[in-house]
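These are the residues of each chain, in order.
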Amino acid sequence: MSAGDMSGALLEITDLSLEFRGRGGTVRALEAVSLSVRAGEMLGLVGESGSGKSVTAYALLRIMDAAAHVTAGQAWFRGTDLLGCDAAAMRGVRGRGIAMIFQNPRAALNPVVPVGRQIMVALRHAGVAGGARAAALALMDRVHIADAARRFEALPLELSGGLCQRIMIALALAARPALLIADEPTTGLDVTTQAVIMDLIAETAREAGMATLLITHDLALAGEQCDRIAVMHAGHVVEIAATAAILEQPRHPYTRRLLASMPQGKMALTELRPIPGGLPDLRASLPPCRYAARCERHAADCDAGPLPRLWQDAHFIACRHP
Amino acid sequence: MTALLDIADLRCRFPVRGRKGSFLHAVDGVSFSIDRGEAVALVGESGCGKSTLARLVARLIDPDSGQISFAGIDLVAIPARRFADDPARARIQMVFQDAGDSIDPRYTARQAIAEPIRGLTRQTRAGLAARVAEVAALAGLPEALLDRTAHQLSGGQKARVGIARALGPAPDVLILDEPTAALDVSVQALVLRLFDDLRRELGLSLLFISHDLGVVRLLCARVLVMYLGQIVESGPAADLFDAPRHPYTQALVDAVPNPARRGQRLRITGDIVSAIDPPANACRFVGRCPVAIARCRSEAPMLREVMPGRQVACHL
Amino acid sequence: MSEAVARRSPLRHLLQENKLTGVAVGLFGLLVLVALLAPSLVPHDPLATNAAHSVEPPSAQFWFGTDEVGRDVFSRTMVATQLDLGIALSAVAISFAIGSVLGAACGFFGGWLDRITARLVDTLMAFPLFLLAMAIISVLGNSTANVVYATALVNLPFYIRMARAEAAKLRGSGYIEAARLAGMGPAQLLTAHVYPNILPPIMVQISLNLGWAILNAAGLSFIGLGVRPPVAEWGIMVADGASLIVSGAWWVSLFPGVALMLTVLCFNLIGDGLRDVLDPRRVT
């Protein structure tokens, strides 16, 4: 289920469904998620907490909790079946084909190993044998770490959040991946640092011809940086389109309400329209459209048949009454 | 009309462990005032001292020097460890950034909200229950949730418990320490609206501490920009964002993601400098400032009024 | 993710997840029952000597056999349950009561109290604890009460340190600040917020500590510095039977030894189970 011009898709996810099975019940975290990332583009995956955006990324790289089970769907990356291949093939993909950077960089780094050596480990995994140290320093330069030689021996807790994130980016770049997944890379950093790190990610992606999947809850951030945006709600992808289309002509009611609830420009407080209700309980039995309960365009037939998922001129929408 | 809360030349520094004679200047000569019913924002990034300033104004810690004057009462005269017994305690309350951490994990919402009411006001059993119900309603917290514990509540619900609790003793000033930082965008909007309603209906004064300019602009009439313990710019919110005078303010404004402006922006380089032993004779922003001139390194700029209501500490 | 699961009864949760813990709790129940009922139900008087039946192997009349002076090993083993459990529970209760309160105050307030207590704790811990217990008994004299006091004292630093560490962790918590904003003074903070919140991890240690306390008491009795004969106590009984093992009379030491082992095992398993309840990610 994809638009006609998805040839050249680097990553193709089709109808991915995933659930968490545990004592409290089964959480249907993802349902029929389909999206693709083209070579060299930056796709923003936007959603609130609980929307399933991070779960999607973790599922791709098979770094999920033991309680997670993929119940349907496929994910193809450069001819490799990510969900079905064996462990050895997966190790080949991780870091080399697809790299990932996380929120809270300091927590994602080994606290007792100097950061420069961590980069060297990543380089060796990527197959760089001799001269790993020089290559590591070169990477640190590439991510604009001033005074790299001195910072090489530093431990993560001696570095600021922004610096740690730069180290993470250097680690991710070590094997020259074709796709970078950035899971909320700037959340938790200072505002001015956020801006600088986002610029760095965009710059290195451009230079390396790398595609980027930017996972964020900040639609404005995605709007500023990404070529296309996919919006998720409660485990469903509800809309995918070029950034300008999403921001100026959103078709899904949730996307429209999301835009209206974000502070933008010279908006006054009274113009801010919050979205009523809350996320549905993903353990309960759910109607075909999971936004229906909060949707102002809800009609009786929304709960009847399956959720229509359509592509129209490179604009995807999952709604019966957009 | 005299301001409700008047802060004058407040200073607070902490000794640095292991380095004798070295001090971290968390708050270094801050002055401002808040009127009744006014919402003032304190904006800055990590390390600028805004959390310390919040705790100084809330009288949880003591300043080294300076004045905090509330409705004519000199608050500095009462040491922080005795302030809990003072009648003024009820009049300044705080909403915390991490709502979950600020509620005792064993307490239900009802118990958490009741605690300050019980501790600071005289109420009968019935009066207490009524007041809890009243502030819970004000904060938009449904009655049914009152008997849940913190881990059974969502982020937005926990935030409302924190707000209801702060409203209990009927304060005049509410210090909001990044109250929406941990919340989803849609919940954030609701909480901001709530603060504005409370401000107008109850005549509350708000000191809103945040690093998020987009949010601050919506709620607050005046903004103070803080950097390394000092206020570098202050003025009406709209003016500050449309025409910032200090390079740091400009950088903060530019850092807010704005899809409409994918081009030229002021980006500050380098890392945040620490507030330990800052130079006395230079601008503290000089290492990161893209438009620094020679004078910036030899003379610390003073906060001066460039227009009525607008102050800037910059040589340019 | 925004909805939360209602809490199940911790006990039911505990027993369902961990069958072994369930068995241990059952065993503990059995021990308490034996401790309470044994004195009235045992077939023979535990103190009655009977020279005619000296060192007899287990038989229909004497289920666990007899010891050197003809006393019924079974009756003595059962009756000793009350004494050993009693010693362990009292000693741990005293240690815990004093140690946790003192430790919490030290951890939360710091200052001179903390400094003085730290020196005291360091002094106590400089000695091998069993030797310290021995020294105390030799000074105060053999008696059940002294065994309790010695065990309690020797255990004290452990609770002080634990409580202190937990309380210090809580010092910067948001809810402590919020309670100060609510007008609470230092003593109120300690009783209402700090102490109740440090209890869960200490509870786990209490259970493990009980096993150690029993071994301590039995060990002291084994070397003659504990309870005095002819009182029935597992440690003394093992000591009495030790010299007889060589000549083939295994039953005099074995049964009290097994009783000791089962009791300690029971406490340790309960402690592990409690730990699982408090931190489900650390299932042992």
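Quick notes on the rules
Residues numbered from 1 in each chain as written. Chains lettered and ligands numbered in written order. Predicted model: local features only at pLDDT ≥ 70, side-chain atom pairs only at ≥ 80, totals over all residues. Helix = DSSP H or I, 4+ residues; strand = E, 2+ residues; numbered from the N terminus. Rg over C-alpha atoms; globule rule 2.2 N^0.38 Å. Buried ≥ 20, exposed ≤ 12 C-beta atoms within 10 Å, placed from the backbone. Contact = placed C-beta atoms within 7 Å. Axes fitted to C-alpha atoms, helices over the stretch in contact; angles between N-to-C directions. Parallel < 35°, antiparallel > 145°, perpendicular 65-115°, else oblique. Nonpolar A, V, L, I, M, F, W, Y, C, P; charged D, E, K, R; others polar. Pairing = 2+ DSSP bridges. Left-handed = near helix turned anticlockwise from the far one by under 90°. Core = buried A, V, L, I, M, F, W, Y, C linked by C-beta atoms within 7 Å. pLDDT = per-residue confidence, 0-100.

## Focus on the overall build of chain A
- Secondary structure summary: chain A contains 11 helices and 12 strands in total.
- The C-alpha atoms of chain A give a radius of gyration of 20 Å, which matches the 20 Å a tight globule of 322 residues would have.
- If you line up chain A on its principal axes, its C-alpha atoms span 65 × 50 × 45 Å.
- Here chain A holds 322 residues, and the buried ones make up 48% of them.
- Of the contacts made within chain A by residues no fewer than 6 positions apart, 66% connect residues no fewer than 24 positions apart.

## Notes on the overall build of chain C
- Across its full length, chain C carries 10 helices and zero strands.
- By its C-alpha atoms, chain C is 75 × 50 × 30 Å across when sized along the principal axes.
- Here chain C holds 284 residues, and 43% of them are scored as buried.
- Sequence separation of at least 24 residues holds for 69% of the intrachain contacts in chain C that already meet a minimum separation of 6.

## Notes on the environment of Ser 95 of chain C
Residue and element names in this part refer to chain C.
- With respect to the helices and strands, the residue Ser 95 is situated in helix α3 (residues 73–109).
- Note on Ser 95: 23 C-beta atoms within 10 Å, which makes it buried.
- When the C-alpha atoms of Ser 95 and Cys 106 are compared, they prove to be 16 Å apart, with 11 residues separating the residues in sequence.
- Not counting residues within four places of it along the chain, the set of residues in contact with Ser 95 comprises Ala 152, Asn 155, Leu 156 and Tyr 159.

## As for the packing of helix α8 (residues 186–222) of chain C against helix α10 (residues 251–278) of chain C
Residues and elements named next belong to chain C.
- Orientation of α8 relative to α10, taken along the N-to-C sense of each, is 170 degrees, at an axis distance of 8 Å. Here α8 lies roughly antiparallel to α10, going by the angle between them. Residues Pro 200, Pro 201, Met 203, Val 204, Ser 207, Leu 208, Leu 210, Gly 211, Ile 214, Leu 215 and Ala 218 of α8 form the contact with α10, whose participating residues are Leu 260, Thr 263, Val 264, Phe 267, Asn 268, Ile 270, Gly 271, Leu 274, Arg 275 and Leu 278.

## Re unusual backbone geometry
- With an omega of 5 degrees, the peptide bond between Pro 229 of chain C and Pro 230 of chain C qualifies as cis.
- Looking at the element boundaries, Pro 230 of chain C is found in the loop between α8 and α9 (234–245).
- A positive phi angle is found at Glu 184 of chain A, which is not glycine, with a value near 45 degrees.
- When you line up the elements, Glu 184 of chain A lands in the loop between β7 (179–183) and α8 (191–208).

## With respect to the interface of chain B and chain A
- Chain B puts 30 residues into the contact, and the matching count from chain A is 28 residues.
- Looking at the side of chain B that touches chain A, the elements with two or more residues in it are α6 (185–202), α7 (213–219) and α9 (247–255) of chain B.
- The class makeup of the residues in the side of chain B that touches chain A is 14 nonpolar, six polar and 10 charged.

## So, the sheet that holds strand β4 (residues 68–77) of chain A
- Ordered by their spatial adjacency, four strands build an open sheet running β2-β1-β4-β5 (chain A), and the pairing between neighbours is antiparallel. Edge positions in the sheet fall to β2 (25–38) and β5 (80–81) of chain A, since each of these pairs with one other strand and no more.

## Section: the sheet that holds strand β11 (residues 304–307) of chain B
Residues and elements named next belong to chain B.
- In space, the eight strands of this open sheet follow the order β6-β7-β8-β3-β9-β10-β12-β11, with mixed pairing throughout. Either end of the sheet is taken by a strand with one partner, and the two such strands are β6 (92–95) and β11. The average angle at which neighbouring strand axes cross in this sheet is 25 degrees, direction not considered.
- One ladder, built from five bridges, connects strand β7 (residues 173–177) with strand β8 (residues 205–210); its direction is parallel.

## What about the packing of α8 of chain C against α9 of chain C?
Residues and elements named next belong to chain C.
- At a minimum axis separation of 7 Å, α8 and α9 run at an interaxial angle of 40 degrees. Between α8 and α9, the interaxial angle falls into the category oblique. Once α8 is placed against α9, the crossing between them reads as right-handed. Between α8 and α9, the contacting residues are Ala 217, Ala 218, Gly 219, Leu 220, Ser 221 and Phe 222 on the first element and Trp 234, Gly 235, Ile 236, Val 238 and Ala 239 on the second.
- Taken together, the residues of the contact of α8 with α9 sort by class into eight nonpolar, three polar and no charged.

## Things to note about the nonpolar core
- In terms of nonpolar packing, the biggest core is built from 276 residues, with Leu 179 of chain A together with Leu 207 and Phe 208 of chain B touching the most fellow members.
- No other element matches α3 of chain C, which puts 17 residues into this core.
- In contact with Leu 207 of chain B, other than residues within four places in its own chain, are Ile 34, Val 40, Leu 42, Val 57, Val 173, Ile 175 and Leu 176 of chain B.

## Looking at the confidence of the model for chain A
- Scored by pLDDT, chain A comes out at a mean of 88, with 97% of its residues at no less than 70.
- For residues 1–5 of chain A, every residue scores under 50 in pLDDT, and the model assigns this stretch nine contacts once sequence neighbours within four places are set aside.

## Re the pairing of strand β1 (residues 9–22) of chain A
Residues and elements named next belong to chain A.
- Strand direction decides the pairing type here: β1 and β2, joined by nine bridges, are antiparallel. Its bridge partner being in β2, Leu 18 is matched across the sheet by Leu 30.
- Pairing between β1 and β4: eight bridges, direction antiparallel. Looking at β4, one finds that Ile 13 is bridged to Ala 75.

## So, the pairing of strand β9 (residues 222–227) of chain B
Residue and element names in this part refer to chain B.
- For β9, the buried fraction is high: six of the six residues fall into the buried class.
- Relative to β9, strand β3 (residues 39–43) is paired through four bridges, and the arrangement is parallel. Paired with Val 43 across the strands is Val 225, a residue of β9.
- Of the strand pairs in this sheet, β9 and strand β10 (residues 230–236) are connected by six bridges, and their pairing is antiparallel. Paired with Arg 222 across the two strands is Pro 236, which belongs to β10.
- Between the end of β9 and the start of β10, which pair antiparallel, lie two residues, with Leu 228 showing a positive phi angle near 50 degrees.

## Structural notes on the confidence of the model for chain C
Residues and elements named next belong to chain C.
- Of the residues in chain C, 92% reach a pLDDT of 70 or more, and the chain-wide mean stands at 85.
- When mean pLDDT is taken per element in chain C, helix α7 (residues 174–181) scores highest with 93 and helix α1 (residues 10–17) scores lowest with 61.
- Every residue in residues 1–8 is under pLDDT 50, and counting partners more than four places away or in other chains gives 12 contacts.
- For this predicted complex, the interface confidence reaches an ipTM of 0.86, while the overall pTM sits at 0.82.

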